[in-house]
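Here is how the chains run, residue by residue.
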Amino acid sequence: MIARFGRSIRTRLTLLAAIGAALLSLVVNGLVLYSLHGGADDYRKTQVINTGLDIVHRVKRGELPTVIDSGLDIVQVVNASGQVVASTPNLEGRPRISMMLPDAFRAHRTTVDCDLPHFPGRCEFLAVFRVYEQDGDWLVYAADPLAPWYVHPGVLAALAGLSVLLVALAAFGTSRVVAGTLAPVEDIRDKLAKITSSDLGMRLPVTGQADEIRSLAETANQTLDRLEAAVEQQRRFASDASHDLRSPITAMRAQVEEAMLHPGDADWEEIGVALLASLDRLQAIVTDLLTLAKLDAGAPMSREPLDLADLVSAETARQRSKKLISTLQPGVRVTGDRLQLARLLTNLLDNAERHAESTIIVTVRRIDGQALLEVLDDGGGIAPEQREVVFQRFTRLDASRSRDAGGTGLGLSIARDIAQAHHGTLTLEDSDSGARFVLRLPARAD
């Protein structure tokens with residue numbers, strides 16, 4: 001189960017749903033009790049008033065019994081002399097319970113009175129009625145306790161039972177729904193746990209529903225696709241690097257072993273020159289590998305304003321074996337690392353020099369807010385289907401291996417990585433003859 005802070009998502013959501021249901025039940029129960037309490041109070045007040053009026057009629061008709069059985073807790077009848085002449089059984093023989101009188105010119109009065117004599121600790125709805133008799137005004141007192149806040153124990157028990165049932169249903173339903181929702185996530189987790197660097201061909205199950213979990217699985221599969229491609233590229237890179245490093249080492253070993261067999265006949269100066277050539281190749285490969293490692297690791301680089309034309313002028317000043325023609329627009333400024341951009345340009349020029357017949361053309365200009373650097377040679381060119389292949393690491397096309405024996409197969413790959421690190425692009429585009437490499441970088445506004 002997916003867990004966080006020692007508690008599963010299913011448990012946390014279930015608890016949240018249960019708490020929410022409990023709070024909702026509390027609010028609903030409060031509203032229900034408030035409504036029922038108001039209704040019960042109104043009912044009791046009506047009952048008290050009706051009972052009081054009934055007793056008044058009995059007094060008027062002379063049918064008043066000494067002991068009144070009316071269904072109320074408190075009923076007393078006081079004559080004009082202030083004597084209790086009738087009451088409920090619980091007040092028999094006791095003095096009048098209240099001295100409250102109706103207002104002048106009114107026949108009755110109601111109030112809520114607490115701690116009446118003989119009924120301490122509770123509040124009553126009390127009504128007093130004036131009865132006009134020949135010997136004076138009689139008083140009828142009728143009272144009944146106010147309804148408790150829970151109205152009735154049965155109501156409280158019913159609401160509590162319904163609340164418990166609602167909370168239980170909410171918790172159970174949430175638990176089941178979350179369990180069903182997270183089941184695909186469990187499958188994804190199990191699959192991910194089984195995927196290793198040696199078995200990246202496995203993919204995560206994709207649910208049939210178009211939901212967030214399906215999107216998660218699809219995104220994870222896309223990530224695995226990229227990871228598998230990257231690992232495969234690293235494997236090929238390691239294999240190619242081992243091969244390219246082994247070749248000069250094997251050649252040097254063979255030369256040394258051959259010379260050691262006949263040390264007196266060996267031309268050690270010639271062997272030294274050959275060994276130095278192999279060591280230069282090894283050094284070039286190792287240097288390029290180190291550069292690629294830094295670029296892949298995203299090593300920090302300096303960011304400074306540069307004039308692309310000045311940079312090209314400085315790098316093309318070195319004498320080359322092929323004729324070099326420069327067309328440089330001044331004021332084409334970019335932001336970047338001078339050493340890395342110089343390395344990019346050097347790699348392009350070295351590549352052009354190895355493949356050109358006689359001439360290399362370098363152009364710098366600004367178009368639509370972009371700085372463009374073009375390096376064009378008059379060699380045999382590259383077929384359109386191989387224009388992306390040449391940027392792969394340790395790639396040297398079969399048609400040019402004889403002419404490109406001194407290359408490491410990493411120069412163009414390094415050049416493209418440097419361009420991308422500067423938020424630019426390096427592509428091989430159409431030309432009338434030869435290969436035309438085009439570098440595009442964001443141009444500065446100033």
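The preceding data block contains the structure.
Residues numbered from 1 in each chain as written. Predicted model: local features only at pLDDT ≥ 70, side-chain atom pairs only at ≥ 80, totals over all residues. Heavy atoms only, no water.

Visitor: Help me out: how do you make sense of the state of the cysteines in this one?
Guide: Under the definition given, this model contains one disulfide. One disulfide in the model links Cys114 with Cys123; its S-S distance is 1.8 Å. Looking along the S-S bond of the Cys114-Cys123 disulfide, the torsion reads about 95°, which is the right-handed sense. (Disulfide = S-S within 2.5 Å.)

Visitor: Where do I start with the environment of Gly331 in this structure?
Guide: Note on placement: Gly331 falls in the loop between strand E9 (323-328) and strand E10 (333-336). According to the relative accessible area criterion, Gly331 is partly exposed, its value standing at 40%. (Helix = DSSP H or I, 4+ residues; strand = E, 2+ residues; numbered from the N terminus. Buried < 20%, exposed > 50% of the residue type's maximum accessible area, 1.4 Å probe, protein only.)

Visitor: Explain the pattern of salt bridges to me, please; I cannot follow it from the model alone.
Guide: Close approach of charged atoms allows side chains with opposite charge to pair. Applying the stated criterion across every chain, the model contains 18 salt bridges. As a salt-bridge pair, Glu374 and Arg436 come within 3.0 Å of each other at their nearest N and O atoms. Of this pair, Glu374 sits in strand E12 (residues 370-377) while Arg436 is found in strand E14 (residues 436-442), placing the two residues 62 residues apart along the sequence. The residues Glu374 and Arg436 share a single accessibility class, namely buried. One salt bridge in this structure joins Arg387 and Asp430, with 2.4 Å as the shortest N-O distance. Here Asp430 lies in the loop between strand E13 (425-429) and E14 and Arg387 lies in the loop between E12 and helix H7 (411-421), a separation of 43 residues in the sequence. On the accessibility criterion, Arg387 (18% relative accessible area) is buried. Beyond isolated ion pairs, a larger network of salt bridges with shared partners links Arg365, Glu374, Glu429, Arg436 and Arg440. (Salt bridge = Lys/Arg side-chain N within 4 Å of Asp/Glu carboxyl O.)

Visitor: Would you mind showing me how to read helix H1 (residues 9-61) here?
Guide: Between the first and last C-alpha of H1 there are 77 Å, a value that for 53 residues agrees with the 78 Å anticipated at 1.5 Å per step. Phi turns positive, to about 75°, at Gly62, one or two residues after H1. (Expected span 1.5 Å × (residues − 1).)

Visitor: Help me out: how do you make sense of helix H2 (residues 153-194) in this one?
Guide: An α-helical turn contains 3.6 residues, so any two residues separated by three or four positions project in the same direction. Taking 1.5 Å per residue as the helical rise, H2 with its 42 residues ought to reach 62 Å, and the 60 Å between its terminal C-alpha atoms agrees with that figure. Where H2 is concerned, the buried positions are Leu159, Ser163, Ala171, Ser175, Val178, Leu182, Pro184, Val185, Glu186 and Ile188.

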